[in-house]
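Per-entry structural report
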Amino acid sequence: MAEDTTAKDTTAKDTTTKDTTARELGIRSRAAVHARDRDGWLHLFADDALVQDPIGPSPFDPEAKGHRGKEAIAAFYDSVIGPAEAISFEIEESYLCGDEVADVGIIRTTLAGGTHQAVVRGVYTYRHDGHGKLAFLRSYWEFDALELIELAPPG
């Protein structure tokens, strides 16, 4: 099951219900990030949600505690996602189990300035809170395995 959010309608709509699956929430999360829809992305999370991207210590989360609650998740967006020129997702496999989904794939982030792209291969998990919101977004990828690619200058 391959998914490329660059080919989808990326507007985050408030259509979540308690019957919305974790897979659907994951798709909406990636679509909002791709569309640079900060408010739409934040709206997908429960008030006490936790984002760990990646899990464990990293420059994004040196203490490895994750980002809990909307204020911390908004700060994560503003410092990590927001500055990027573009972010695209290539989901190669997706495994829905109960209230959770594990998506396997690649994230390509064009860094600020547009001269480099970070390529991350990993497993990205989303947990539904039972009320139409994300309770957890946890990303399994190795920071030291991040691939940094120099992009050709425009023109």
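Above this text is the structure in question.
Rules behind the numbers
- Residues numbered from 1 in each chain as written.
- Predicted model: local features only at pLDDT ≥ 70, side-chain atom pairs only at ≥ 80, totals over all residues.
- Heavy atoms only, no water.
- Helix = DSSP H or I, 4+ residues; strand = E, 2+ residues; numbered from the N terminus.
- Buried < 20%, exposed > 50% of the residue type's maximum accessible area, 1.4 Å probe, protein only.
- Contact = heavy atoms within 4.5 Å.
- Arc of directions from axis to C-beta.
- Salt bridge = Lys/Arg side-chain N within 4 Å of Asp/Glu carboxyl O.
- Phe/Tyr/Trp six-rings, centres within 6.5 Å; stacked < 30°, edge-to-face > 60°.
- Core = buried A, V, L, I, M, F, W, Y, C linked by side-chain atoms within 4.5 Å.
- 1 Å grid on protein atoms, 1.4 Å probe; cavity = no way out; pocket = protein on both sides within 12 Å on 5 of 7 lines; lining within 4 Å.
- Points joined across faces, edges and corners; volume = space filled by probe spheres on them.

Looking at where Thr 125 falls in the secondary structure, it is placed in strand 6 (residues 116-128). In this structure Thr 125 comes out as buried when scored by relative accessible area, which is 13%. Excluding anything up to four places from it in sequence, Thr 125 contacts Val 101, Ala 102, Phe 136, Leu 137, Arg 138 and Tyr 140.

This next bit is on helix 3 (residues 70-81). If you check which residues of helix 3 are buried, you get Ile 73, Ala 74, Phe 76, Tyr 77 and Ile 81. Seen along its axis, helix 3 keeps its buried residues to an arc of 155 degrees; they face one direction. The outward face of helix 3, more than 90 degrees from its buried face, is lined by the exposed residues Glu 71 and Ser 79. Summarising the contacts, the buried residues of helix 3 are in contact with helix 1 (22-34), helix 2 (38-43), strand 2 (45-52), strand 3 (67-68) and strand 4 (86-97).

Attention now moves to the pattern of salt bridges. If you walk through the whole model with that rule in mind, you get seven salt bridges. The closest approach of N and O atoms between Glu 147 and Arg 121, which form a salt bridge, is 2.9 Å. With Glu 147 in strand 8 (residues 147-150) and Arg 121 in strand 6, the pair connects residues that are 26 residues apart, well separated along the chain. The class for Glu 147 is partly exposed, based on a relative accessible area of 35%. Salt bridges here are not isolated pairs; linked through shared partners, they connect Arg 38, Asp 39 and Asp 78.

Time to look at the packing of aromatic side chains. In this structure the tally under the stated criterion is five aromatic pairs. Taking the centre distance of 4.8 Å and the plane angle of 75 degrees together, the rings of Trp 41 and Phe 45 count as edge-to-face. When its relative accessible area of 2% is taken as the criterion, Trp 41 is described as buried. Relative accessible area serves as the criterion here: at 1%, Phe 45 is assigned to the buried category. Here Trp 41 and Tyr 77 contribute two aromatic rings whose centre-to-centre distance is 5.5 Å and whose plane-to-plane angle is 45 degrees, an arrangement assigned as tilted. Of this pair, Trp 41 sits in helix 2 while Tyr 77 sits in helix 3, and the two are 36 residues apart along the sequence.

In a soluble, globular protein the nonpolar side chains are often hidden away together inside. Counting 27 residues, the largest nonpolar core has Trp 41, Phe 45, Ile 73, Ile 81 and Ile 87 as its most contacted members. Sorting the residues of this core by element identifies helix 1, helix 2, strand 2, helix 3, strand 4, strand 5 (100-110), strand 6 and strand 7 (134-140) as the ones contributing at least two each. Among the elements that line this core, the one with the most residues is helix 3, at five residues. Every residue in contact with Ile 73, bar those within four places of it in the chain, is listed here: Trp 41, Leu 42, Phe 45, Ala 49, Leu 50, Val 51 and His 67.

Attention now goes to the layout of surface pockets. Its volume calculated, the largest pocket comes out at about 520 Å³. What lines the largest pocket is a set of 28 residues, among which Asp 53, Val 80, Ile 81, Ile 87 and Thr 109 lie closest to the centre. For the lining of the largest pocket, the secondary structure elements donating two or more residues are helix 1, helix 3, strand 4, strand 5, strand 6 and strand 7.

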